[in-house]
Amino acid sequence: MTISSYLSIGYDTADLCNYYDCILREIDEDYRKCYSFHKFFTVNFTMAKLIEMPKQGQNQVALFLFNCINTELNKK
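**Describing the confidence of the model for the chain**
Low pLDDT means the predicted coordinates in that region are not meant to be read closely.
Then, number 1: Put simply, the chain has an average pLDDT of 78, and 76% of its residues get 70 or more.
Then, number 2: The element-level mean pLDDT for the chain is lowest in helix α2 (residues 29-33), coming to 73, with helix α4 (residues 55-75) highest at 89.

**Comments concerning the environment of Gln-58**
Then, number 1: Structurally, Gln-58 can be placed in helix α4.
Then, number 2: Residues within four places of Gln-58 in sequence aside, it is in contact with Leu-50, Ile-51 and Met-53.
Then, number 3: Side-chain polar atoms of Gln-58 contact the backbone oxygen of Leu-50, separated by 2.7 Å.

Calculation notes
Residues numbered from 1 in each chain as written. Predicted model: local features only at pLDDT ≥ 70, side-chain atom pairs only at ≥ 80, totals over all residues. Heavy atoms only, no water. pLDDT = per-residue confidence, 0-100. Helix = DSSP H or I, 4+ residues; strand = E, 2+ residues; numbered from the N terminus. Contact = heavy atoms within 4.5 Å. Polar contact = N/O pair within 3.5 Å; in protein donor to acceptor, adjacent residues only side chain to side chain.

Written out as structure tokens, the structure is:
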């Protein structure tokens, strides 16, 4: 459904999304298993910013994360 200033249809978007989410969870096993990332604003925001970055910036972030994980693993 779309939201438009030309249409004066009153509906509750959150209620409809919740309704369709429940239906999809009943029908599709893969959808049922997937984790709800829409609840985590920080993860979505970070992924959006990473996608917008040039390749060089993405590589720098990946290298930084790799080094952080590697450091934590070497501590153990």
